[in-house]
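Descriptive structure summary
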Amino acid sequence: MQRRRYTFSGRVQSVGFRYTALQAARLLELTGWVKNCPDGTVEAEAQGEEVNLNRFPDTIAALNRWARLEKTRWRRLPLREGERGFAVRGY
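This text gives an overview of the structure that appears in the document. Throughout, residues of each chain are indexed from 1 in the direction in which the sequence is written. Selection of residues for local features in this predicted model requires a pLDDT of at least 70, selection of side-chain atom pairs for listing and counting requires 80 or more, and totals for whole chains, interfaces and linings are taken over all residues. Hydrogen atoms and water are omitted, and side-chain values are computed over all heavy atoms in the structure.

Regarding the overall build of the protein chain
A helix here means a DSSP run of H or I that spans at least four residues, while a strand means a run of E at least two residues long, and both kinds are numbered starting from the N terminus. Looking only at helices and strands, the protein chain has two helices and five strands in total. Shown N-terminal to C-terminal, the secondary structure of the protein chain runs as helices and strands in the order β-α-β-β-α-β-β. Compactness check: the protein chain gives a C-alpha radius of gyration of 12 Å against a globular reference of 12 Å for 91 residues, within 12% of the reference. With the C-alpha coordinates of the protein chain rotated into their principal frame, the extents come out at 30 × 25 × 20 Å. For a compact globule the rule gives 2.2 Å times the number of residues to the power 0.38, and the radius of gyration it is set against comes from C-alpha atoms.

A closer look at the side chain of Thr-41
Tracing the sequence through the fold places Thr-41 in the loop between β2 (31-36) and β3 (42-48). Burial classification: accessible surface area is computed with a 1.4 Å probe over protein chains only, and a residue below 20% of its type maximum counts as buried, one above 50% as exposed, and the rest as partly exposed. A relative accessible area of 12% means that Thr-41 is categorised as buried. Within the local environment of Thr-41, its side chain forms a polar contact with the side chain of Asp-39, the two groups lying 2.6 Å apart. Here, residues are in contact when the closest pair of their heavy atoms is within 4.5 Å. Filtering out sequence-adjacent residues up to four positions away, Thr-41 remains in contact with Thr-7, Phe-8, Ser-9, Val-12, Gln-13 and Asn-36. Distance and chemistry together define a polar contact, namely a pair of N or O atoms within 3.5 Å, with one atom able to donate a hydrogen and the other to accept it when in protein, and with adjacent residues in sequence counting only for side-chain atoms on both sides.

Comments concerning helix α1 (residues 17-27)
All buried positions along α1 are accounted for by Phe-17, Arg-18, Thr-20, Ala-21, Leu-22, Ala-24 and Ala-25. Against the buried residues of α1 lie β1 (2-11), β2, β3, α2 (50-63), β4 (68-77) and β5 (86-89).

Here we look at the pattern of salt bridges
Salt bridges are defined by distance alone: a side-chain nitrogen of Lys or Arg within 4 Å of a carboxyl oxygen of Asp or Glu. Scanning the entire structure with this criterion turns up six salt bridges. Across the salt bridge formed by Lys-35 and Glu-43, the nearest N and O atoms sit 3.9 Å from each other.

Some remarks on the environment of Val-88
With respect to the helices, strands and loops of the structure, Val-88 is situated in strand β5. Val-88 gets classed as partly exposed once you look at its relative accessible area, which sits at 25%. The sequence separation of Val-88 and Thr-41 amounts to 47 residues, and the corresponding C-alpha distance is 14 Å. Excluding residues that lie within four positions of it along the chain, Val-88 makes contacts with Arg-18, Tyr-19, Leu-22 and Val-34.

Section: the sheet that holds β4
With mixed pairing, five strands are arranged side by side in an open sheet as β4-β1-β3-β2-β5. Of all strands in the sheet, those bounded by a partner on one side alone are β4 and β5. Pairwise comparison of adjacent strand axes, ignoring direction, gives a mean angle of 15° for this sheet. Pairing geometry for β1 and β3, over seven bridges, is antiparallel. Of the residues in β3, the one forming a bridge with Thr-7 is Glu-43. Most of the contacts of α2 go to β1, to which it runs at about 15°, and overall it touches β1, β3, β4 and β5. Only strands that DSSP links by at least two bridges are regarded as paired with each other. Note on geometry: axes are lines fitted to C-alpha atoms, helical ones only across the stretch in contact, with angles between N-to-C directions running from 0 to 180 degrees.

All we've got here are geometric facts, nothing functional implied.
In structure tokens form, the structure reads like this:
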């Protein structure tokens, strides 16, 4: 089990990216959240099995034909005990 913070850049806003991330997280049994950032990127925290966290960016890209991921960065975070579900945050 791991937790990661992702930063996605490219064409990731105004294309349904956050809701696609929600769908991908549910398919991969991940918990966490996703939000738009003022600089045009999208940030997400996701927690789950490492194999599913590795698949998260590619699953989003496969499910959303309008988005274009140019760069994905991530870093490991401490686990958040008792977290349930995956949420879309922000505006």
